[in-house]
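Here's the letter readout for the chains.
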Amino acid sequence: MNNLLTLIAFIAVILIGIIGVIHWRQQRALRQLTQALALQILNQDTFTLDTSSSSLKPLIIALKNFHQSSLFSTERDKLTGLTNRVGFKRKMLAKMPVSQGMLVLVDIKQFRFVNDLFGFLFGDKLLKAFAKRIENIDNKPQFIARMNGNEFLLFFPKALTLPQLTQLKQDLQLPFEIEQQPISIKMQLGVLSLSEHHADVSLMLRRLDLALKKAKTLKQPIAFYDQDDDKAQYRELLIINGLPKGLKQNQLYMVFQPKLDIQSGQCQQVEALIRWQHEGLGLISPNEFIPLAEQTGMIDMLSTWVLDAVIAQQAKWREKGIYVKVALNLSSTDLDNPNLANDVATKLAQYLVPAECIMIEITESALMVSLEQTIATLNKLRETGVKIAIDDFGTGHSSLAYLRFLPVDEVKIDKAFLEDFETSTAAKQIVKTSIELAKSLGFEVTVEGVESKSVLETLHEFGVDTIQGDYFAKPATADEFEHIYPQLTHSL
């Protein structure tokens with residue numbers, strides 16, 4: 001009996017040991033499997049598991065198949081079949097550290113016009129053909145990715161020279177034939193040398209974006225990233241992040257440039273111009289912060305502030321017996337606001353300022369964003385009683401022929417037309433013809449940037465109504481304008 005119990009106990013110990021070993025091996029396999037899944041979550045490139053556990057093999061096979069199928073669905077661009085941004089980042093992460101080679105970001109210029117002109121189906125076919133061309137170029141990249149609609153990223157393990165990059169650009173922008181329709185495209189390249197800049201993948205991609213942005217800003221075919229680009233972006237971030245605070249703390253303010261009415265020799269109008277004295281960056285030009293406000297969606301906030309500031313100032317001046325028309329500038333985004341006319345009318349009523357005391361200046365480029373919508377908005381504004389002027393006329397995308405369609409009261413000829421005005425007969429004739437045509441259509445004409453008496457006298461002969469420029473008066477704060485207003489006269 002004792003021998004039997006001993007045998008049973010021995011067998012039980014052996015079974016427990018076997019079960020323990022099996023359990024230990026399965027636990028080890030599960031730990032390895034968990035680590036492999038964790039690597040996948042971290043976008044690593046491998047999914048391997050060294051285990052002899054036959055019981056887990058079906059699960060491992062299923063997970064590997066799921067891994068491959070999910071990679072294809074989440075890391076591939078559905079249209080072109082190329083790797084997408086997620087897939088490209090994972091592949092680069094698997095190769096890190098990378099301290100040589102080159103990243104090239106290719107942008108098809110003005111691709112949206114292809115979609116607008118030929119349709120999205122045509123545009124998709126062009127993108128497919130472009131992706132195939134990249135895959136078949138002689139100096140083929142190791143990785144190719146479609147980053148978004150019309151941007152493609154190429155990784156070369158060996159850096160290309162500038163002549164090689166130029167050749168790459170020329171090869172890629174050879175004409176296509178889509179649906180028997182020949183089409184030519186142009187492109188710009190942003191380039192990042194990995195021998196100089198090989199930080200983490202996200203930083204590399206951000207710097208590559210900065211290089212392409214520089215190419216677009218400077219209108220260059222190819223632009224390389226350098227350290228100053230980070231400084232420029234940091235400045236932009238400071239500007240954008242500081243704008244709401246700047247408005248609250250009165251860092252932004254208005255100045256007013258007087259205009260000379262040629263007929264009366266008096267100042268009857270001023271143009272309101274925005275300025276920003278940043279607490280850390282000093283005086284920031286509106287040419288710098290206004291485009292950034294437009295790009296980041298803050299322009300509405302800024303325009304609302306300007307509208308309030310200008311009309312409030314008008315009310316103060318009228319109380320003091322200063323009666324001048326004030327012109328203020330609006331952006332293309334403002335013209336998209338269906339409530340713009342109501343907003344202007346509400347502010348005028350709030351400060352008890354007559355509508356005819358306000359003129360709204362619209363740049364030519366803003367006018368041409370959506371001509372039909374713009375005309376409707378301008379008509380509503382004019383119904384409130386405010387005047388409308390085309391600012392910087394002759395520098396945008398329209399032509400003088402559009403004038404007859406636009407509900408405007410005044411045309412402002414840009415100061416660029418006064419370059420060589422005193423030495424070039426052709427320059428004078430262009431300005432003279434522009435003035436005559438605008439006036440024949442019933443518009444008043446202002447010329448900007450008048451810097452000398454001789455130019456003023458010639459413009460007077462040409463029949464201009466109003467001039468603006470430092471020769472007559474420089475921009476002044478509201479208090480400064482009140483002081484100089486009584487002396488703002490000029491006789492011809």
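Right above here is the structure, for reference.
So, here's what we can say about the structure.

Criteria and cut-off values
Residues numbered from 1 in each chain as written. Predicted model: local features only at pLDDT ≥ 70, side-chain atom pairs only at ≥ 80, totals over all residues. Heavy atoms only, no water. Pairing = 2+ DSSP bridges. Helix = DSSP H or I, 4+ residues; strand = E, 2+ residues; numbered from the N terminus. Axes fitted to C-alpha atoms, helices over the stretch in contact; angles between N-to-C directions. Contact = heavy atoms within 4.5 Å. Salt bridge = Lys/Arg side-chain N within 4 Å of Asp/Glu carboxyl O. Buried < 20%, exposed > 50% of the residue type's maximum accessible area, 1.4 Å probe, protein only. Polar contact = N/O pair within 3.5 Å; in protein donor to acceptor, adjacent residues only side chain to side chain. Phe/Tyr/Trp six-rings, centres within 6.5 Å; stacked < 30°, edge-to-face > 60°. Lys NZ or Arg CZ within 6 Å of the ring centre and 35° of its normal. Lys, Arg positive; Asp, Glu negative; His and termini not counted. Core = buried A, V, L, I, M, F, W, Y, C linked by side-chain atoms within 4.5 Å.

## Focus on the sheet that holds strand β2 (residues 143-148)
One open sheet holds the five strands; their spatial order is β2-β3-β1-β6-β7, and the pairing between them is mixed. Because the sheet does not close on itself, it has two edges, and the strands there are β2 and β7 (222-224). Mean inter-strand twist for the sheet, computed between neighbouring axes without regard to direction, equals 20°. Across five bridges, β2 lies against strand β3 (residues 151-156) in antiparallel orientation. Bridging from a neighbouring strand, Ile144 pairs with Leu154 of β3. The strands touched by helix α7 (residues 201-217) within the sheet are β1 (102-108), β2, β3, β6 (187-193) and β7, with β6 carrying the most contacts at an inclination of about 140°.

## Notes on the pattern of salt bridges
Considering all chains together, one arrives at 18 salt bridges under this definition. One salt bridge connects Glu179 with Lys125, and the closest N-O pair in it is separated by 2.8 Å. Linking Glu179 in the loop between β4 (176-178) and β5 (181-183) with Lys125 in helix α5 (residues 120-135), this pair joins segments that are 54 residues apart in sequence. Glu179 sits in the partly exposed class, given a relative accessible area of 47%. Salt bridges here are not isolated pairs; linked through shared partners, they connect Lys259, Glu271, Glu361, Asp391, Lys412 and Glu448.

## As for the pairing of strand β8 (residues 252-261)
By the criterion of burial, β8 is predominantly enclosed, with nine of the ten residues buried. Of the strand pairs in this sheet, β8 and strand β9 (residues 266-278) are connected by ten bridges, and their pairing is antiparallel. Following the sheet pairing, Tyr253 is matched in β9 by Arg275. Pairing analysis gives three bridges linking β8 to strand β16 (residues 466-468), with the strands arranged antiparallel. Note on β16: the bridge partner recorded for Asp261 is Thr466.

## Here's the deal with the side chain of Arg90
Relative to the helices and strands, Arg90 is located in helix α3 (residues 85-95). For Arg90, the side chain forms a polar contact with the side chain of Glu75, separated by 2.6 Å.

## Section: the packing of aromatic side chains
For any pair of aromatic rings, the description rests on two quantities: the centre-to-centre distance and the angle between the ring planes. By the definition in use, this model includes ten aromatic pairs. Through a chain of ring-to-ring contacts, the aromatic side chains of Phe256, Trp317, Phe481 and Tyr485 assemble into a single cluster. A cation over a ring is seen here: Arg133 above Phe176, with NZ or CZ 3.7 Å from the ring centre.

## Quick notes on the side chain of Asp334
Here Asp334 lies in helix α11 (residues 332-335). Of the buried charged residues, Asp334 lacks a salt bridge, with Lys347 as the closest side chain of opposite charge at 13 Å. At 2.8 Å, the side chain of Asp334 forms a polar contact with the side chain of Ser303.

## Quick look at α3
Residues Gly87, Phe88, Arg90 and Met92 constitute the buried set of α3. Sitting at the amino-terminal end of α3 is Asn84, which places a side-chain oxygen 3.2 Å from the backbone nitrogen of Val86.

## Concerning the nonpolar core
One finds Ile360 and Leu459 to be the most contacted residues of the largest nonpolar core, which totals 72 residues. Met102, Val106, Leu160 and Ile222 belong to the second largest nonpolar core, which has 30 residues in total.

## Focus: the environment of Leu330
Considering the arrangement of structural elements, one finds Leu330 in strand β11 (residues 325-330). Considering only alpha carbons, one finds Leu330 and Val306, 24 residues apart in sequence, at a separation of 9.3 Å.

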